[in-house]
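Listed below are the residues making up each chain.
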Amino acid sequence: MQLYKNQALKIYNSLSGEKEVFTPIHEGSVGMYVCGPTVYSNVHLGNCRTFISFDLVFRYLKHLGFKVRYVRNITDVGHIEDDADDGEDKIAKKARIEKLEPMEIVQQYSVDFHQILEMFNNLPPSIEPTATGHIIEQIETIKKIIDNGYAYESNGSVYFDVVKFNETNHYGKLSGRNLEDMIANTRDLSGQDEKRNPQDFALWKKAEPQHIMRWPSPWGDGFPGWHLECTSMSTKYLGNHFDIHGGGMDLKFPHHECEIAQNEACTGQSPVNFWMHANMLTLNGKKMSKSTGNNILPREIFSGNNSILSKAFSPTVTRFFILQAHYRSVLDFSNDAIIAAEKGFNRLMEAIESLPGITTSAISSINVTAWKQECYDAMNDDFNSPILIAQLFEAVRYINLLKDGKETITAEDLASLSSTMHSFVYEVLGLVDEKAASNNNDKLEGVVNMLIGMRNEARANKDFALSDLIRNRLTELGIELKDSKEGTTFTLQQ
């Protein structure tokens, strides 16, 4: 059902600084690109907040009936420390420290990233391209920018000429900067000799002899600049002009500003209609930082293995906590805050669980249709999840009054209330009914243990063909058996 035809969605556009009515370029279809992780370390909770926020956007667009192509990249080369053009590649540095191949680092932390987002019940993107898988496309983008007069080669590296670009375009329009102020505030830095202007940024960096990650190019062996990959991959999969580009607030400048400049220099047009930015997550009122120790990883929350929280909290409770704040607001994570979120989540689940037992009447004393539209109004107002959650708790209040016989509801309205609650709680917010999931896990454990018993019996009868068949079929399903002196156990592969 094409709900979008009856719902007026407004999105805050970072480019204009205003909420604007969302009209896709192609009716019924949405192209959305979100900057993904640089996979050199475990994904932390602040990163997860960004990806959960855009998972909410993805889910709601799909709920409205749009066909969404959601592209989220993996940065596996070219991200220099401190987001600058000089220094060491983050992945190469991690590989050197841990004495591993760079692609081993990439694989290790890509797997961790996907496992964590799966635990949070994030939907996978439609396409997940990698920077190293699109070197050819990035080289071709650089060639076009050079041909158009906005980039130059210097000592084997290629730089974007910001001053030349700004003569006919506005470099800084996304972040509210102007080039004259940036130039006036520039310090005379060493190592900038290759650049015509200090504000110029690298499209291609010459690889020094010790640099492991390198590719041949028309300008010599090197590697792409960090900003380039998103321009090349977004346009490849979404076209030169698409609907939504998202990422963390920290990417607005310089990363997204540079993307706009690259796209306009390459294609002659603005790449994106709506720029969206998710705000940061703080911990106990302070910025999350690995160096200061004011940091927590998702697995530490789920296991309780940390010095910050009083106990473990599930992925879906943590997700619920994150969605209680608007994606553009700063959110502070603390023990008290997530305990309160858990209590609220449990109230919500208990109310939904009680819906089938409610007695219906000939008339309704509550206006379910108006309440349902208020849920849509909340999400149509720039994906306002805290207002949606407030409306869901209004429904919890209705449900409790119905159970106490203080309000009445018709069978038709009860069906509408139930389906709307399920749609927004599970489909849009992406929460998980932990009790139902636990019951399913108990059933799965019973079935697998029955098969282990059959396998043990087959082995005792020397029917090794059947024994191996059971093991192999379970492995294909992601269930790994482990035999020991104490017996056979199983684990679910992530």
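Residues numbered from 1 in each chain as written. Predicted model: local features only at pLDDT ≥ 70, side-chain atom pairs only at ≥ 80, totals over all residues. Heavy atoms only, no water.

Labelled according to an unreviewed UniProt entry, the protein chain appears under the name Cysteine--tRNA ligase, originating from Flavobacterium beibuense. Annotation of the protein chain in UniProt includes, under Sequence similarities (unreviewed entry), the sentence "Belongs to the class-I aminoacyl-tRNA synthetase family." What UniProt states about the protein chain under its Subunit (unreviewed entry) heading is, verbatim, "Monomer." (UniProt positions renumbered as here; feature names shortened; annotations may be inferred.)

Asker: Kindly report on the overall build of the protein chain, identifying the contributing residues and their values.
Answerer: Assigned secondary structure in the protein chain consists of 16 helices and 15 strands. Counting only C-alpha atoms, the protein chain reaches 75 × 70 × 45 Å along its principal axes. In the protein chain, the share of contacts with a sequence separation of at least 24, taken over all contacts with a separation of at least 6, comes to 73%. For the protein chain, the computed accessible surface area is about 22,900 Å², with 49% contributed by carbon and sulfur atoms. (Helix = DSSP H or I, 4+ residues; strand = E, 2+ residues; numbered from the N terminus. Contact = heavy atoms within 4.5 Å. Areas by Shrake-Rupley, 256 points an atom, 1.4 Å probe, with all protein chains shown as cover.)

Asker: I'd like a description of the packing of helix α7 (residues 226-238) against helix α8 (residues 252-267), backed by residues and values.
Answerer: Two elements in contact, α7 and α8, have axes separated by 9 Å at closest approach and are oriented at 55 degrees. With respect to each other, α7 and α8 are oriented oblique. Like other packed secondary-structure pairs, α7 and α8 cross with a definite hand, here right-handed. In this structure, α7 contributes W226, H227, L228, C230, T231 and T235 to the contact, and α8 contributes P254, H255, C258, E259, Q262 and N263. Partitioning the contact of α7 with α8 into residue classes produces 5 nonpolar, 6 polar and 1 charged. (Axes fitted to C-alpha atoms, helices over the stretch in contact; angles between N-to-C directions. Parallel < 35°, antiparallel > 145°, perpendicular 65-115°, else oblique. Left-handed = near helix turned anticlockwise from the far one by under 90°. Nonpolar A, V, L, I, M, F, W, Y, C, P; charged D, E, K, R; others polar.)

Asker: Before we move on, could you go through the sheet that holds strand β8 (residues 222-224) and cite the residues and values that matter?
Answerer: On the basis of which strands lie adjacent, the open sheet formed by 4 strands has the order β5-β6-β7-β8 and antiparallel pairing. Where the open sheet ends on each side, the last strands, each with one partner, are β5 (151-154) and β8. With strand direction ignored, the average angle separating the axes of adjacent strands in the sheet is 20 degrees. Of the pairings in the sheet, the one linking strand β7 (residues 201-206) to β8 comprises 3 bridges and is antiparallel in character. By the bridge assignment, K206 is partnered in β8 with G222. Docked against the sheet, helix α4 (residues 135-147) engages β5, β6 (157-160), β7 and β8, running at close to 120 degrees with respect to β7. (Pairing = 2+ DSSP bridges.)

Asker: Which residues make up the pattern of salt bridges, and what are the values?
Answerer: Applying the stated rule across the entire model yields 19 salt bridges. One salt bridge connects R455 with D483, and the closest N-O pair in it is separated by 3.0 Å. Highlighted residues: R455 in helix α15 (residues 434-460) and D483 in strand β14 (residues 479-484), separated in sequence by 28 residues. Taking relative accessible area as the criterion, R455 reaches 4% and is therefore assigned buried. Notably, a salt bridge pairs R459 with D483, separated by 3.5 Å at the nearest N-O pair. Taken together, the residues R459 in helix α15 and D483 in strand β14 connect sequence positions 24 residues apart. Taking relative accessible area as the criterion, D483 reaches 32% and is therefore assigned partly exposed. (Salt bridge = Lys/Arg side-chain N within 4 Å of Asp/Glu carboxyl O. Buried < 20%, exposed > 50% of the residue type's maximum accessible area, 1.4 Å probe, protein only.)

Asker: Describe the domain arrangement of the protein chain, and please don't skip the residues or the numbers.
Answerer: Where interface size is given, it is often the accessible area lost as the parts come together that is meant. Each assigned domain of the protein chain is listed with its residue range as follows: domain 1 (3-278), domain 2 (282-436) and domain 3 (439-492). Of note, the centres of domain 1 and domain 3, computed from C-alpha atoms alone, are 46 Å apart. (Domains from an automatic or database assignment.)

Asker: Describe in detail the nonpolar core, supporting the description with residues and values.
Answerer: In terms of nonpolar packing, the biggest core is built from 97 residues, with F333, L348 and F383 touching the most fellow members. Ranked by the residues each element gives to this core, the list is headed by helix α1 (residues 45-63), at 10 residues. With residues up to four places along the chain from it excluded, the contact list for F333 reads L45, L281, T282, L283, N284, I296, I301, L309, F321 and I338. Formed by 22 residues, the second largest nonpolar core is a distinct cluster that contains V158, L179, W204 and A261. (Core = buried A, V, L, I, M, F, W, Y, C linked by side-chain atoms within 4.5 Å.)

Asker: Please provide a residue-by-residue account of the side chain of S110, values included.
Answerer: Inspection of the secondary structure puts S110 in helix α3 (residues 102-119). Exposure remark for S110: the relative accessible area of 10% places this residue in the buried category. A polar contact is formed between the side chain of S110 and the backbone oxygen of V106, at a distance of 2.7 Å. In contact with S110, other than residues within four places in its own chain, are V39 and I74. (Polar contact = N/O pair within 3.5 Å; in protein donor to acceptor, adjacent residues only side chain to side chain.)

Asker: Summarise the UniProt feature "binding site: Zn(2+)" (unreviewed entry) in the protein chain; cite the residues concerned and give the values.
Answerer: UniProt marks C35, C230, H255 and E259 with the feature "binding site: Zn(2+)" (unreviewed entry), using the numbering shown here. Their sequence span is 225 residues, while the largest C-alpha to C-alpha distance among them is just 11.1 Å; these annotated residues converge on one region. As for its placement among the helices and strands, C35 is situated in the loop between β3 (29-34) and α1. With sequence-adjacent residues up to four places away left out, C35 is seen in contact with F51, N73, C230, H245, G246, L251, H255, H256 and E259. Looking at where C230 falls in the secondary structure, it is placed in helix α7. Overall, the relative accessible area of 1% leaves C230 in the buried class. In contact with C230, not counting residues within four places along its chain, are Y33, C35, N73, H255 and E259.

Asker: Which residues make up unusual backbone geometry, and what are the values?
Answerer: Residue P254 is reached from F253 by a cis peptide bond, and omega for that bond is 5 degrees. One non-glycine residue, N155, adopts positive backbone phi at about 55 degrees. Despite not being glycine, D382 has its phi angle at roughly 60 degrees, a positive value. The class for D382 is buried, based on a relative accessible area of 0%.

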